[in-house]
Amino acid sequence: MKQSLTTEQIDAYRRDGYLFPLDVFASGHVDAIRAELEAARRSAADAGLEAEFPKLIRANAQYLMPFVYHVATAPQLLDRVESILGPDVLLWSAEFFIKAAHTDKIVSWHQDLTYWGLGETDDEVTAWLALSEVKVESGCMRFVPGSHHQKLLPHRDTFDDNNLLSRGQQVAVEVEEDQAVDVELHPGQLSLHHGRIFHASGPNQSDQDRIGLAFRFLTPAVKQQVSERDYAMQVRGIDAQQNWIHVAPPTRNFASSDLELYRRIREDQREALANGAAQEMHSAY
Ligand SMILES: O=C(O)CCC(=O)C(=O)O
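Everything quoted here is computed from the prediction, not taken from an experiment.

## What about empty space enclosed by the protein?
- For the structure shown, the criterion picks out one cavity of 30 Å³ or more.
- Taken as a whole, the largest cavity spans an internal volume of roughly 110 Å³.
- Taken together, F97, V107, H110, D112, W128, M141, H193, H199, A200, S201, R210 and R216 form the lining of the largest cavity.
- Contributing elements (two or more residues each) for the lining of the largest cavity: strand 3 (107-110), strand 10 (199-201) and strand 11 (210-218).
- Here the lining of the largest cavity takes three residues from strand 10, the largest share from any one element.

## A look at helix 5 (residues 75-85)
- Among the 11 residues that make up helix 5, 10 are buried, leaving the element largely enclosed by the rest of the structure.
- Turning to helix 5, its buried residues number three or more, namely Q76, L77, L78, D79, R80, V81, E82, S83, I84 and L85.
- Looking one or two places after helix 5, you find G86, whose phi comes out positive at around 95°.

## Overview of the site of the ligand
- Lining the immediate environment of the ligand, one finds 13 residues, of which D112, H199, S201, R210 and R216 sit closest.
- Contact between the ligand and H193: an oxygen atom at 3.2 Å from a side-chain N or O atom of the residue.
- A distance of 2.8 Å is found between an oxygen atom of the ligand and a side-chain nitrogen or oxygen belonging to R210.
- The fraction of the free accessible surface of the ligand (300 Å²) that becomes covered by protein chains is 100%.
- More than half of the atoms of the ligand fall within 2 Å of the grid points belonging to the largest cavity.
- Elements supplying a minimum of two residues to the shell around the ligand: strand 2 (89-99), strand 3, strand 10 and strand 11.
- When residues of the shell around the ligand are assigned to their parent elements, the largest contribution, three residues, is made by strand 11.

## Let's talk about the side chain of S83
- Topologically, S83 is positioned in helix 5.
- Setting aside residues up to four positions removed in sequence, S83 forms contacts with S4, L5, I10 and R14.

## Side note on the sheet that holds strand 5 (residues 141-143)
- The four strands are arranged 3-10-5-8 in an open sheet whose pairing can be described as antiparallel. Edge positions in the open sheet fall to strand 3 and strand 8 (181-183), since each of these has one partner strand only. The mean inter-strand angle of the sheet, taken between neighbouring strand axes irrespective of direction, is 25°.
- Sheet topology places strand 5 next to strand 10; three bridges connect them, and they run antiparallel. Within strand 10, the position partnered with R142 by the bridge is A200.

## With respect to the pattern of salt bridges
- Summed over all chains, the structure comprises 18 salt bridges.
- Linking E38 and R41 is a salt bridge whose minimum nitrogen-to-oxygen distance equals 2.9 Å. Remark: R41 and E38 occur in helix 2 (residues 27-46); sequence separation between them is three residues, near one turn of the helix.
- Given the relative accessible area of 34%, E38 is considered partly exposed.
- One continuous salt-bridge network, built from bridges that share partners, spans K2, D79, E82 and R236.

Conventions adopted
Residues numbered from 1 in each chain as written. Predicted model: local features only at pLDDT ≥ 70, side-chain atom pairs only at ≥ 80, totals over all residues. Heavy atoms only, no water. 1 Å grid on protein atoms, 1.4 Å probe; cavity = no way out; pocket = protein on both sides within 12 Å on 5 of 7 lines; lining within 4 Å. Points joined across faces, edges and corners; volume = space filled by probe spheres on them. Helix = DSSP H or I, 4+ residues; strand = E, 2+ residues; numbered from the N terminus. Buried < 20%, exposed > 50% of the residue type's maximum accessible area, 1.4 Å probe, protein only. Near = heavy atom within 4 Å. Polar contact = N/O pair within 3.5 Å; in protein donor to acceptor, adjacent residues only side chain to side chain. Areas by Shrake-Rupley, 256 points an atom, 1.4 Å probe, with all protein chains shown as cover. Sits in = over half its atoms within 2 Å of the grid points. Contact = heavy atoms within 4.5 Å. Pairing = 2+ DSSP bridges. Axes fitted to C-alpha atoms, helices over the stretch in contact; angles between N-to-C directions. Salt bridge = Lys/Arg side-chain N within 4 Å of Asp/Glu carboxyl O.

Rendered as structure tokens:
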């Protein structure tokens, strides 16, 4: 049976810009996913990619590791995404956000869509899966309810080394932090968030690593507006618009042909990210 969201849940997502917690995987399944992550780390080391591994899993991990694609396409996860986006769904990126125990890594207040060249669209949703306990103490995400009703706002780059965002991007307006909601999740639970919601997360002061896997899903109506071309995997329905270069799932961890494609994709996407930087500099100063 389909595990669609209820009308109340969809209304809450549209009103608040987020929805959580949603039970997706049992704890045994989460253990298996974490074991796959460790196996992938070993495969990367065998391929001489040990140092690059943390960067390789921070964006587009679905192109390099079959288990990431399998998690993204689990019916109970995609049913929830389909409730928000409709029957035609593309997977644009899969990104691990890992904060080791007792580390200062944070994520500054930002709106996701600022950096991706995808415009201000409502046709994108992030499904963020907890692969560990995720508490305030371990640096859970925080959302400002209703902030997605605003447009994309100027951001500035802080280049803070402790920031998990590539340039330490930070929305350049006052954030009503006292209104923010803590997104605490148990392993196997999911949160959904809108691409314009203000969100951030603090350091991990707990004894355990905090591990999240964020999937960025789109409808085929979304277009890359900055880079000349962009890539996605079709995970449900059809793509009538053909705005995207479709990529097939990988068949083993870090195959050299997949790595080659991955590097080409990153290079092609760089234009959108760099362009975002130029616009932010322009609008923030
Ligand atoms: O995992 C985090 O702390 C932040 C994740 C995030 O910013 C996102 O998924 O958009």
